[in-house]
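The chain contents come next:
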Amino acid sequence: MKRAWQNTLRLLVFSLLVGFHVAHAANAVVSKSNPTPKPLEKVVLQLKWLHQFQFAGYYAAQKEGYFRDEGLQVEIRQRDVRKNNIQQVIDGDAQYGVADSVLFLYLAKKAPVVIVAPIFQHSPQAIFTLKSSGLDSPYKLQGKKLAFYKNDSDGFPILAMMEQLGVKPVYDRRINKTDPNILVRKEVDAYSGYLTNEAFYLRNTGQAINVINPVNYGIDLYGDMLFTSQKEALDHPSRVARFKRAVIKGWHYAMKHKRKMAQYILDTYHPVHKSLAGLLYEAHALEHIISESTVPIGTLDEGRVRFINALLKQHGLIAKDIDLEHGIYHEDNLDLQFTQHETDWMKKHPVIRLAIDNNWSPIEYVDSKGNMQGISASFFNYLTAKTGLVFKPDTHSDWVQAVEKMKKHQLDVYSAAISTEERRKYARFTSPYVKFATVIATRNDEPYLSQMKLLQGKVVAVTKDYAFEEMMHQLFPKVKLYLVKDAAEGLHAVSLGQAYGYVDNVAVIGHYIKTQGLTNLKISGELPYSSSIAIGVRKDWPELQSILQKVLNTMPTETYESLIKPWLRVSYQTQYQWKQLLVYVVPILIVFAIIMFFNHRLRKTQAELEESNEKLSRSSMTDHLTNIYNRQYLDQSLEVEKVRADRYESKLSLIMMDLDFFKKVNDTHGHLVGDKVLVSMSNLVSEHLRKTDVFGRWGGEEFMVICPETSIEQGVLLAEKIRKTVESATLPEGLKQTLSLGVAEYQPAEKMNDAIDRADGCLYEAKRNGRNQVRYGECAKRFSEKDFPSEEHSPNNKPL
């Protein structure tokens, strides 16, 4: 038995040795034929808070291998609340970090930080109070105890709001973890937190709460932004670009797979005091904050930064301007780098077949020699130089045929196309490389189109299978479409009276009107969508889409302008050469002087006519008394916003408002004073609305505010802000005035009249219940006047 065990042991050891040598030999062969892959670059990402869905995009980039694909090994660290997370990046403890608009204060102080990409277009920070406290506005927090963060950097939007309003609460700096119970226990009067977190927690405890959002008080700052140090940006520009690409991919994935990512965060990072339901609430709340449906993730608007700069300087929060030159990350001068996989892909696909529009100047067209020309041709020449790929245009097919070939993979790439829902079924698009306004051309004798609603029932020409055909069907279903093969045919149809107008981008229409001598045509109006022209790649070739996007991302600004500008100029040949003109120079100068005299008078008349037309256009959209939008314009805006809300699944709220006891003003003081009150009230409300809101007179003393991208909760906050503003104001003749307001949120695909009826019903419920209040939710329909408190019981009766 002992010998048997010894033999077995010898056999086992022998097998292990043989296996080791075989494996070693195999590895030696592999290492000779395949060199060791380049090691991943190790970097650290420092989060601004504890693990939660707020950072889902970064986790997704890790989980899905987006960091690895870019050659990065990333350690994601949650916040150590005892440390300044921005300083950690400056000091090199981490290469990348996440912070909000407090970064602008650092840039104003010339700190060596660089903003790489804003992920949250709006800050989720807000103040929460208990409903029972009555503290429903920041003005009421004067001297009140506000639970705040240890570091100002964590609550900058709230500080900015308080500074702007001149309110000085008592900052109780005890927040070092998520603990809204101190508000529930009434240890503090108000609590600083996030719309994505504390709102869920407090509502789950059964507490009725007020939400004070800085956005509603003019402080609309960026939320979470990816940033790095100047040292990292200067020493490793390619790594910054790769890190940004991976993060943006991660956020796209996270927002499309919310439940999967919430479960992953729960299982992997074990967030403190977070349930699956809490993470999902956070995920859905982030949709509005990120605004992915309207702004590409990672977009930084330098104009908005300049506005923020002015706002911060105005309130003394910064002494010097934000350093835009060194503090904002630009990819213009980065070295273009492809992954090994992308390089291998290009070797296997050296020739790419282009689907082009052979008659769409100046975007693209085929010249008399059969060559592709135009803006897109310039871009593809550049793409060839950067990638080595040969792009072969199909110059024989018209656009309809090109579309069919793209669907069947007989062609590979749209050289210039607008990304539509239909096209995204079979193609993936780069970001737009050129954008133009979408306009309509009509005959000169047609009036200016002040409202697109005026197109109803008219015949409008569009090129068949253009994105404009799909968009017109969606936005203006009652317009009769006249399908043509190209822009030239469409404009000639308008010129001959076969169609009322032709829709295309402004560059194309302007080009054809000038070059084809269509002097009886003009641009009569702008449609509510832009022509964002991008490159579309067949859907089974994601590698090519990535390759082309990288080239576009790293294109220098000077190069971009040199590719665009030559095609946006129209040159004209003179009829005579200079030598021929010398013979006639004297009489021509005399004639020229006469022409100049009459031309001056003509220009003056024309300027007066244009001014008159502009006034006429303005008057057709505005109320003649208050100078805000009229009922017609409100109807048009409601139609447009309904389509937008349905298409992008975005929020839309309506506020109806009515002046309380306004009849008493007219009866007591006369209609002239009543008119002054209406004008003054309208100006007051207009000053306190957001740029995206549409404010107009619905009729008499009834007004409407259309609030795009606004939930019912946000709409109620705005309505309450309006109510308090008017209540506290002194109007002409020393009068005081109050408003009753109703708020309703549009429900997807419902009739707009239903939402209007709900808002109207809430307005009249507010009037029935005592006036000077905001009502929302499920309200009754209109009430009769006998249901309302009489004017004798008006709290403002004496001033009236």
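None of the values given here were measured: they were computed from a predicted structure.

Here the focus is the overall build of the protein. If you tally the helices and strands in the protein, you get 29 helices and 27 strands. Sorting the 800 residues of the protein into buried and exposed places 51% on the buried side. Here the analysis covers contacts within the protein between residues at least 6 apart in sequence; of these, 75% occur between residues at least 24 apart. Looking at the protein as shown, the accessible area adds up to about 39,200 Å², and 53% of this sits on carbon and sulfur atoms.

A few words now on the sheet that holds strand β1 (residues 41–46). Strands sit in the order β2-β1-β3-β10-β4 across an open sheet of five strands; the sheet is mixed. The strands lining the two open edges of the sheet, one partner per strand, are β2 (72–77) and β4 (113–118). Averaged over all adjacent pairs, the angle separating strand axes in this sheet is 30°, with direction ignored. Bridging between strand β3 (residues 96–99) and strand β10 (residues 225–229) involves four bridges; their strand directions are antiparallel. Residue alanine 99 lies in a different strand from β10, and its bridge partner there is methionine 225. Across the face of the sheet, helix α10 (residues 237–256) comes into contact with β1, β2, β3, β4 and β10 while running at roughly 60° to β1.

Before going further, it helps to examine the sheet that holds strand β13 (residues 364–366). What links the strands of a sheet is backbone hydrogen bonding, and the strands pair in either a parallel or an antiparallel sense. Pairing is antiparallel in the open sheet, where three strands are placed in the order β12-β13-β14. Unpaired on one side and paired on the other, β12 (359–360) and β14 (372–373) mark the two borders of the sheet.

It is worth spelling out the packing of helix α27 (residues 671–687) against helix α28 (residues 712–728) at this point. Packing of α27 against α28 brings their axes to within 10 Å, and their N-to-C directions diverge by 135°. Comparing their axes, α28 and α27 come out oblique. Crossing handedness for the pair α27 and α28: right-handed. Only Ile722, Thr725 and Val726 of α28 make contact with α27, whose side of the interface consists of Met681, Leu684 and Val685.

With that settled, the discussion passes to the pairing of strand β5 (residues 125–130). Consecutive side chains along a regular strand alternate between the two faces of the sheet. Of all the six residues making up β5, six are buried; the element is thus mostly covered by neighbouring parts of the structure. Neither face of β5 is left uncovered, since the one carrying Gln125, Ile127 and Thr129 and the one carrying Ala126, Phe128 and Leu130 both have all their residues buried. By the bridge criterion, four bridges tie β5 to strand β8 (residues 190–194) in an arrangement that is antiparallel. Within β8, the position partnered with phenylalanine 128 by the bridge is tyrosine 191. Bridge count for β5 against strand β9 (residues 209–212) is four bridges, and the pairing is antiparallel.

On to the environment of serine 229, then. Mapping serine 229 onto the fold places it in strand β10. Along the sequence, serine 229 and isoleucine 115 sit 114 residues apart, while their C-alpha atoms lie 8.6 Å from each other. With sequence-adjacent residues up to four places away left out, serine 229 is seen in contact with Val89, Gln95, Pro112, Val113 and Val114. Polar contacts involving the side chain of serine 229 include one to the main-chain amide nitrogen of glutamate 232, which spans 3.1 Å.

Attention shifts here to unusual backbone geometry. Geometrically, the link from serine 361 to proline 362 is a cis peptide bond, its omega value of 0° lying close to zero. Note on placement: proline 362 falls in the loop between β12 and β13. At histidine 409, a residue that is not glycine, the phi angle is positive and equals roughly 65°. Among the secondary structure elements, histidine 409 is positioned in the loop between α17 (399–407) and β16 (413–418).

This next bit is on the pairing of strand β18 (residues 434–443). Summarising burial for β18: seven of the ten residues are buried, a large majority. The pairing of β18 with strand β22 (residues 521–538) spans nine bridges and is classified as antiparallel. Bridging across to β22, valine 434 finds its partner in isoleucine 533.

Further remarks concern helix α6 (residues 156–165). Within α6, eight of the ten residues are buried, which leaves the element mostly enclosed by the surrounding structure. Within α6, the full set of buried residues consists of Phe156, Pro157, Ile158, Leu159, Ala160, Met161, Met162 and Leu165. Directly after α6, the chain includes glycine 166, whose backbone phi takes a positive value near 70°.

Bringing the packing of aromatic side chains into the picture now. Counted according to the given criterion, the structure contains 21 aromatic pairs. Each ring, one from tyrosine 96 and one from phenylalanine 243, has its centre 4.0 Å from the other, and the planes form 10°; the classification is stacked. A residue pair is termed long-range when its members are at least 10 positions apart, and tyrosine 96 in strand β3 and phenylalanine 243 in helix α10 qualify at 147 residues. Note on tyrosine 96: relative accessible area 1%, which makes it buried. Sitting above the plane of the tyrosine 217 ring, lysine 721 keeps its charged end 5.7 Å from the centroid.

Bringing the pattern of salt bridges into the picture now. A side chain of one charge can pair with a side chain of the opposite charge if their charged atoms are brought near each other. Evaluated as defined, the whole model comprises 36 salt bridges. Among the ionic pairs, arginine 77 bridges to glutamate 75, the shortest N-O distance being 3.0 Å. Given the relative accessible area of 30%, arginine 77 is considered partly exposed. Glutamate 75 gets classed as partly exposed once you look at its relative accessible area, which sits at 40%. For aspartate 623, the salt bridge is made with arginine 697, and the minimal N-O distance between the two is 3.1 Å. Highlighted residues: aspartate 623 in the loop between α24 (585–621) and α25 (631–648) and arginine 697 in strand β24 (residues 694–699), separated in sequence by 74 residues. The network of salt bridges with common partners includes Asp136, Lys140, Glu720, Arg723, Lys724 and Glu727.

A few words now on the side chain of glutamine 88. Summarising the element assignment, glutamine 88 is placed in helix α4 (residues 85–90). Filtering out sequence-adjacent residues up to four positions away, glutamine 88 remains in contact with Gln46, Lys83, Asp93 and Ala94.

Turning our eyes to something else, we now look at the environment of glycine 370. Counting through the fold element by element, glycine 370 comes out in the loop between β13 and β14. In this structure, the C-alpha to C-alpha distance between glycine 370 and asparagine 358, residues twelve residues apart in sequence, is 9.5 Å.

Mapping valine 716 onto the fold places it in helix α28. Each C-alpha atom of the pair valine 716 and glycine 742 lies 8.4 Å from the other, and the pair is 26 residues apart in sequence. Those residues in contact with valine 716 that lie beyond four places of it in its chain are Val743, Val774 and Tyr776.

On to the packing of helix α19 (residues 487–495) against helix α20 (residues 506–515), then. At a minimum axis separation of 10 Å, α19 and α20 run at an interaxial angle of 65°. The angle between the axes of α19 and α20 places the two elements in the roughly perpendicular class. Of the two elements, α19 crosses α20, and the hand of that crossing is right-handed. Across from Ala487, Ala488 and Leu491 in α19, the residues of α20 making contact are Val508, Ile509 and Tyr512. Looking at the contact of α19 with α20 residue by residue, the classes come out as six nonpolar, no polar and no charged.

In this section: the confidence of the model for the protein. If pLDDT is low for a region, its predicted coordinates should not be looked at in detail. On average, the protein scores 82 in pLDDT, and the residues at 70 or more come to 84%. A low-confidence stretch, residues 1–36 stays under pLDDT 50, and its non-local contacts, those more than four residues away or across chains, total zero contacts. In this model, residues 570–585 is a region of pLDDT below 50 whose contacts with residues beyond four sequence positions or in other chains number six contacts.

So, how was this worked out
Residues numbered from 1 in each chain as written. Predicted model: local features only at pLDDT ≥ 70, side-chain atom pairs only at ≥ 80, totals over all residues. Heavy atoms only, no water. Helix = DSSP H or I, 4+ residues; strand = E, 2+ residues; numbered from the N terminus. Buried < 20%, exposed > 50% of the residue type's maximum accessible area, 1.4 Å probe, protein only. Contact = heavy atoms within 4.5 Å. Areas by Shrake-Rupley, 256 points an atom, 1.4 Å probe, with all protein chains shown as cover. Pairing = 2+ DSSP bridges. Axes fitted to C-alpha atoms, helices over the stretch in contact; angles between N-to-C directions. Parallel < 35°, antiparallel > 145°, perpendicular 65-115°, else oblique. Left-handed = near helix turned anticlockwise from the far one by under 90°. Polar contact = N/O pair within 3.5 Å; in protein donor to acceptor, adjacent residues only side chain to side chain. Phe/Tyr/Trp six-rings, centres within 6.5 Å; stacked < 30°, edge-to-face > 60°. Lys NZ or Arg CZ within 6 Å of the ring centre and 35° of its normal. Salt bridge = Lys/Arg side-chain N within 4 Å of Asp/Glu carboxyl O. Nonpolar A, V, L, I, M, F, W, Y, C, P; charged D, E, K, R; others polar. pLDDT = per-residue confidence, 0-100.

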